[in-house]
Protein chains: 2
Amino acid sequence: MTSIKLPTLDDIQQAHARIRGVIHETPVMTCGAINEMFGADLRFKCENFQKVGAFKFRGASNAVLSLSDEEAAKGVATHSSGNHAAAIALAARMRGIESFIVMPDNSPEVKKKAVAGYGAKITFCKPTLKARETTLQAVIDETGAAFVHPYDNFRVVCGQGTCALELVEQIGAFDMIIAPVGGGGLCGGTATAIKGLGLSSKVIGAEPEIADDARESFLTGRLIGSKNTPTIADGLRTSLSELTFAIITDKADDIVTAGEEAIISAMRLIWERMKIIVEPSAVVGLAAIMENKLDVTGKKVVIILSGGNVDLEKPPF
Amino acid sequence: MTSIKLPTLDDIQQAHARIRGVIHETPVMTCGAINEMFGADLRFKCENFQKVGAFKFRGASNAVLSLSDEEAAKGVATHSSGNHAAAIALAARMRGIESFIVMPDNSPEVKKKAVAGYGAKITFCKPTLKARETTLQAVIDETGAAFVHPYDNFRVVCGQGTCALELVEQIGAFDMIIAPVGGGGLCGGTATAIKGLGLSSKVIGAEPEIADDARESFLTGRLIGSKNTPTIADGLRTSLSELTFAIITDKADDIVTAGEEAIISAMRLIWERMKIIVEPSAVVGLAAIMENKLDVTGKKVVIILSGGNVDLEKPPF
């Protein structure tokens with residue numbers, strides 16, 4: 001028995017109405033050569049083309065735009081070394097409010113620059129969860145800024161769910177949709193939207209085999225923590241939250257995994273044949289298909305390409 | 001006084017009608033961050049998403065589909081180490097005829113594989129122009145295949161011109177369009193289409209500073225040969241032909257150049273901000289803008305991203 005309030009289709013539709021004017025409607029791409037390889041009709045939802053290069057901008061902008069003027073006046077805060085930090089910084093700039101980002105001091109230079117470039121005030125901390133949390137608390141105590149967690153946040157999950165809503169408007173029904181699972185915001189939002197629309201499409205989460213905490217949680221019914229493994233899919237190292245675990249348990253159909261080599265091969269396949277840049281986290285679903293973890297033969301299957309932020313100097317292949 | 005027959009708008013429209021069912025209608029993309037950098041409204045025509053990853057498929061498919069059944073029965077032939085070879089091979093496969101490709105034996109493995117993958121019969125030769133030409137002649141003597149030159153070919157130029165026709169259907173009028181210039185097929189086809197439509201848009205060719213034979217030919221009115229320089233924009237090392245020189249002299253407004261470093265920076269900018277993969281030849285126009293060779297302030301400017309075939313293992317930045 002849970003007392004957590006789960007989002008509904010209506011919540012996601014409200015989020016969509018709220019953020020539609022500020023997000024990109026991202027294209028759905030196909031690739032004849034890849035379809036031939038798998039004997040399937042694969043549709044790639046290109047959130048790598050979303051603002052800040054990742055779906056995270058959907059949730060961040062929904063959270064930032066949902067603040068009252070009074071709350072907003074004090075700014076927003078979060079801790080993140082990645083796409084969520086950039087998304088919050090840009091969403092705040094677009095609303096004309098301040099953002100305070102706590103970043104581990106070992107974050108990649110390119111990410112520090114991106115976040116600074118969006119006008120965020122950055123506080124660096126040691127690269128531990130404890131340091132991140134205590135530093136963030138100090139920033140919030142000082143500023144009164146509203147904390148927007150990257151996925152353990154109702155508004156954020158609703159924002160991520162708008163991707164699936166948009167998709168159904170674009171291409172109608174399909175047999176299956178695969179979303180990467182890190183903190184579970186995208187997968188949870190997607191499952192809420194698809195099941196809320198009454199579609200029979202299977203909603204599948206995909207995560208690295210060596211970071212399969214979500215699959216284990218899903219199968220055992222008990223939320224387990226991050227496995228702290230250095231998967232190349234760096235966006236998927238986190239564990240689910242109580243909120244996203246509850247949603248995924250309730251609404252997702254399965255969670256599959258993929259090995260590191262398959263993730264790298266899938267990334268290369270997309271770069272080479274589709275000529276678009278995706279990050280490792282984005283292709284775990286395709287990697288699972290390559291490993292025959294999912295039967296897609298003859299099916300119309302959507303893969304959400306969640307982001308495209310990657311160190312261009314050293315692609316992993 | 002020239003006796004060369006130049007293509008007209010009508011020829012390009014016929015080409016478009018002929019190939020529309022087999023080519024991709026490529027998207028036109030924009031990037032807010034890049035527009036902000038230059039204070040311009042830049043539109044990127046994404047031929048990197050064309051079949052075989054380059055605009056070359058337009059000209060190749062027009063040439064292959066223009067053959068009579070009798071001619072086609074003997075197959076098509078060309079010599080090329082790059083995108084044109086792949087384009088001819090695929091166009092031939094789609095028509096169900098044979099293709100014979102002469103490739104220098106030092107061609108990149110990835111290109112040999114791509115051409116072989118489309119079912120072409122490859123004959124390797126020494127990497128000199130003379131060896132390519134004599135080997136091709138031997139292949140043609142033996143097979144009776146029709147030779148489709150990569151740019152010194154009326155049908156090929158008409159096919160390349162369909163890119164601009166399609167573009168005008170997509171986004172209407174604009175102030176300027178920039179096409180890379182290697183052999184001049186794309187630039188010549190573009191100029192023919194734009195001027196033939198009666199648009200006042202400037203048509204600008206762009207080539208590497210260290211391979212500026214087209215600019216020199218354009219300015220002096222005398223066709224000069226390739227400068228044989230190792231520009232990173234490997235698709236633009238060739239010189240114009242009599243045909244493309246005549247078209248460009250007649251219809252293009254200017255040819256600008258860009259340095260090697262700017263070409264690399266422009267390529268990186270597109271990969272990083274737009275999340276799409278383009279080859280160096282595709283970004284020479286953007287590189288010229290970065291070097292202030294063109295004033296685009298406040299203007300609606302199209303840049304044709306001509307292709308996306310590049311060695312992913314070692315991007316040049």
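That block above? That's the structure.
Reading guide: rules and limits
As a convention, each chain's residues are numbered from 1 in the sequence order in which they are written. To read the labels, note that chains go from A and ligands from 1, taken in the order they are written. In keeping with the predicted nature of the model, local features appear solely for residues at pLDDT of at least 70, side-chain atom pairs appear and are counted solely at 80 or more, and the whole-chain, interface and lining totals rest on all residues. Side-chain figures throughout are based on the complete set of non-hydrogen atoms in the structure, without hydrogens or water. The buried label goes to any residue with under 20% of its type's maximum accessible area, the exposed label to any with over 50%, and the partly exposed label to all in between, with areas taken from a 1.4 Å probe on protein chains only. Secondary structure follows DSSP: runs of H or I at least 4 residues long count as helices, runs of E at least 2 residues long count as strands, and numbering of each begins at the N terminus. Note on pairing: DSSP must find at least two bridges between two strands before they are called paired. Orient the strands so they point away from the viewer; a crossover is then right-handed if the path from the first strand over the helix to the second runs clockwise. Least squares is the method for superposing the copies, and the C-alpha atoms it fits come from residues with pLDDT of at least 70 in both. In this analysis, two residues are considered to be in contact whenever any of their non-hydrogen atoms come within 4.5 Å of each other. The angle between two axes is taken between their N-to-C directions and runs from 0 to 180 degrees, where each axis is a line fitted to C-alpha atoms and a helix contributes only its stretch in contact.

Novice: Talk me through the pairing of strand E3 (residues 76-79) of chain A; I want residue IDs and the actual numbers.
Specialist: All names here are of chain A. Burial of E3 is two-sided: the residues Val76 and Thr78 facing one way and the residues Ala77 and His79 facing the other way are all buried. In this structure, E3 lies alongside strand E4 (residues 99-104), joined through four bridges in parallel fashion. Bridging across to E4, histidine 79 finds its partner in valine 102. Regarding the hand of the β-α-β motif, the stretch spanning E3, helix H5 (residues 83-95) and E4 is right-handed. Looking at chain direction, E3 and strand E6 (residues 146-147) are connected through two bridges and run parallel. Note that in E6 the partner of valine 76 across the bridge is alanine 146.

Novice: Which residues make up the relation of the copies chain A and chain B, and what values go with them?
Specialist: The two copies are related by a screw operation: chain A maps onto chain B through 180 degrees of rotation and 0.0 Å of translation along the axis, at an RMSD of 0.0 Å. Here the symmetry operator amounts to a two-fold rotation axis. Using C-alpha coordinates, one finds that chain A approaches the rotation axis most closely at isoleucine 276 of chain A, a distance of 2.1 Å. In this assembly the copies share their binding face: 100% of the residues contributing to the interface of chain A also contribute to that of chain B.

Novice: Explain the sheet that holds strand E10 (residues 300-305) of chain A residue by residue, including any values.
Specialist: All names here are of chain A. Taking strand neighbours across the sheet as the criterion, the six strands line up as E1-E2-E10-E7-E8-E9 in an open arrangement whose pairing is mixed. Either end of the sheet is taken by a strand with one partner, and the two such strands are strand E1 (28-29) and strand E9 (254-258). With two bridges joining them, E1 and strand E2 (residues 41-46) adopt antiparallel strand pairing. Pairing of methionine 29 across the sheet is with phenylalanine 44, part of E2. Sheet contacts for helix H8 (residues 154-171): E1, E2, strand E7 (176-180) and E10; angle to E2, the most-contacted strand, approximately 130 degrees.

Novice: Can you tell me about the side chain of arginine 58 of chain A, naming the residues and giving the values?
Specialist: Residues and elements named next belong to chain A. Position of arginine 58 relative to the elements: it lies in helix H3 (residues 56-66). Among the residues examined, arginine 58 registers a relative accessible area of 0% and is labelled buried. Aside from chain neighbours lying at most four places away, what touches arginine 58 is Ile19, Ile23, His24, Thr26, Lys45, Glu47, Gln50, Gly159, Gln160, Thr162, Cys163 and Glu166.

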